[in-house]
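Each chain, letter by letter, is given below.
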Amino acid sequence: MLKVKKKWSILAMIVIGAVLIASCTNDGETIYQPDPKDKGSTAPLVVVVYDPNALGDLGYNDLIYQGVEQAAERYGLRTMQLSPTTVEEGQQYLQLLAQGLAATQDTVRRLFIVAASSYDAYLRSHNNLLASSPKTDLLYFETETPLEGKGSTFFIKYYGAMYEAGAISPADARSVLLVGANPLVKSVADAVQGFTDGFNASPVATHDNVDRKLSTVWLSDRVSGGFTIADTTALRLLVSQDWDLGHHLLVPICGGAMTNFRRIIEMFSLCNFVGIDSVAVSAYCNFSVIKHIDQAVYQCIEQWLSPGGMPKHQTFGLADGFTGVEVHPSTNSAKERFDTILNADLLQRIHEEAIRKEAAHE
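These figures come from a predicted structure and were not determined experimentally.

A. Structural detail: the overall build of the chain. Along its length, the chain carries 11 helices and 14 strands. Burial analysis of the chain (362 residues in total) assigns 52% to the buried set. Expressed as a percentage of contacts within the chain between residues at least 6 apart in sequence, the contacts between residues at least 24 apart total 74%. Accessible surface for the chain amounts to roughly 15500 Å². Of this, 51% is attributable to carbon and sulfur atoms.

B. The packing of aromatic side chains, seen in detail. With the rule as written, the count across this model stands at seven aromatic pairs. Relative to Phe 154, the ring of Phe 141 has its centre 4.6 Å away and its plane inclined at 15°; by these criteria the two rings are stacked. In this pair, Phe 141 is assigned in strand β5 (residues 136-141) and Phe 154 in strand β6 (residues 152-156), connecting sequence segments 13 residues apart. One aromatic cluster in this structure is built from Phe 141, Phe 154, Phe 316 and Phe 322. The ring of Trp 304 has Arg 109 sitting right over it, with the charged end atom 4.6 Å from the ring centre. Taking the ring centre of Tyr 158 as reference, the NZ or CZ of Lys 291 above it sits at 4.3 Å.

C. Inspection of helix α6 (residues 186-200) at higher detail. End to end, α6 covers 21 Å across 15 residues, agreeing with the expected 21 Å (1.5 Å per residue, within 8%). Of the residues making up α6, those classed as buried are Ser 187, Val 188, Asp 190, Ala 191, Val 192, Gly 194, Phe 195, Thr 196, Gly 198 and Phe 199. Residues of α6 that are buried sit in contact with β6, α5 (159-168), β7 (175-180), β8 (213-218), β9 (248-253) and β12 (287-291).

D. Looking closely at the packing of helix α7 (residues 231-239) against helix α8 (residues 257-268). Between α7 and α8, the shortest axis-to-axis distance is 9 Å and the interhelical angle comes to 60°. Crossing handedness for the pair α7 and α8: right-handed. For the pair formed by α7 and α8, the contact residues are Asp 231, Ala 234, Leu 235, Leu 237 and Leu 238 on the first element and Asn 260, Phe 261, Arg 263, Ile 264, Ile 265 and Phe 268 on the second. Residue composition of the contact of α7 with α8, grouped by class: eight nonpolar, one polar and two charged.

E. Just the environment of Ile 355, in detail. In this fold, Ile 355 is placed in helix α11 (residues 344-360). Ignoring any residue separated from it by four or fewer positions in sequence, one finds Ile 355 in contact with Leu 318 and Ala 319.

F. Expanded view of the environment of Tyr 298. Looking at where Tyr 298 falls in the secondary structure, it is placed in helix α9 (residues 293-305). For the pair Tyr 298 and Ala 72, spaced 226 residues apart in sequence, the C-alpha to C-alpha distance is 9.0 Å. If near-sequence neighbours (up to four positions away) are discounted, Tyr 298 is found in contact with Gly 67, Gln 70, Ala 71, Arg 74 and Tyr 75.

G. Broad picture of the pairing of strand β13 (residues 313-316). Only one face of β13 is buried: it carries Gln 314 and Phe 316, and the other face, with His 313 and Thr 315, is open. Summarising the sheet, β6 and β13 pair through four bridges and their orientation is parallel. The residue bridging Ile 156 from the neighbouring strand is Phe 316, located in β13.

H. Expanded view of the confidence of the model for the chain. Looking at the chain, pLDDT values average 86 and 85% of them are 70 or higher. Predicted confidence for residues 4-9 stays below pLDDT 50, and this span has 17 contacts to residues more than four positions away or in other chains. Here residues 20-38 scores under 50 on pLDDT; set against residues more than four positions off or in separate chains, the count is 32 contacts.

I. Quick peek at the sheet that holds β9. With parallel pairing, four strands are arranged side by side in an open sheet as β8-β7-β9-β10. Among the strands making up the open sheet, the edge pair consists of β8 and β10 (272-273). Sheet analysis places β9 next to β10, joined by two bridges and oriented parallel. Opposite Leu 250, over in β10, you have Phe 273 as the bridge partner. Across the sheet, α6 touches β7, β8 and β9, and the angle it forms with β8 is around 170°.

Calculation notes
Residues numbered from 1 in each chain as written. Predicted model: local features only at pLDDT ≥ 70, side-chain atom pairs only at ≥ 80, totals over all residues. Heavy atoms only, no water. Helix = DSSP H or I, 4+ residues; strand = E, 2+ residues; numbered from the N terminus. Buried < 20%, exposed > 50% of the residue type's maximum accessible area, 1.4 Å probe, protein only. Contact = heavy atoms within 4.5 Å. Areas by Shrake-Rupley, 256 points an atom, 1.4 Å probe, with all protein chains shown as cover. Phe/Tyr/Trp six-rings, centres within 6.5 Å; stacked < 30°, edge-to-face > 60°. Lys NZ or Arg CZ within 6 Å of the ring centre and 35° of its normal. Expected span 1.5 Å × (residues − 1). Axes fitted to C-alpha atoms, helices over the stretch in contact; angles between N-to-C directions. Left-handed = near helix turned anticlockwise from the far one by under 90°. Nonpolar A, V, L, I, M, F, W, Y, C, P; charged D, E, K, R; others polar. Pairing = 2+ DSSP bridges. pLDDT = per-residue confidence, 0-100.

Here it is as structure tokens:
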């Protein structure tokens, strides 16, 4: 496996390595030219292009990485995972990879995975990128709109799981700050809407019987914005809120920026937060919303390797277990509070309602 999170100056070497089927090792971050003594492997190659600086977010993108590598280990695949520094650099990756493939004449199977909405416009306006390479396929997510021409897509509905999280959140805090990366990415916008709807319809009373309050903030108005921020930005946003710090909950639906908020919260003991995309083990996190993007990617790679190939478009969600909520109180007092307010019957009713709401949500 070749993992890349480097500067633009090595782009040509990366592309050459991918096109010429450079052998992959366990050297992690090592970047190198193909070994002249290497006769080349004919094992299928999976290339992933992420959002800028996406890898290392301890959540969504790292789960994608894990899903790809698990499939590679299981099926003997070679992988190249690319995390550019800008959207423009990511587009250059895609362009040069496609150009290189057009110049190759071999029977090696390749799968390009585009794991970012930042490249949506580029992909849809260059949907002939892989037309000349019959052995190469494209997987793009998360989008509800299939690609024209070559390429498969999938979308994981997050509305239901976030609705469920919003409905149970009053058990944790009376006041909630909901932070979204930007409203232009549908999965983020749906998640924010789902949490809001669940919070407003929640049958759960706050543990101290005080009226609950929800505030929403967007970090950016650009489709690629809000997923990475500075610690100072996170700190300013948190301390600027008019809240009772002892009874406040942060819901950070903002990709890697969640790591910044978590770091600041744990450093200054500001409030509790909800884990997003994977379980967050922290003294300040009592429940998490899970998105099994690793399982979805793994399944798609299995489909790609199968005789039938990948479907043109797939949708996953709460009903089939690709999303969910896990309650994991971090202290004895939190466990006692959750046990008192949320019994198993109430949790099940909230879960079933969330599934219904997701099915009805457009």
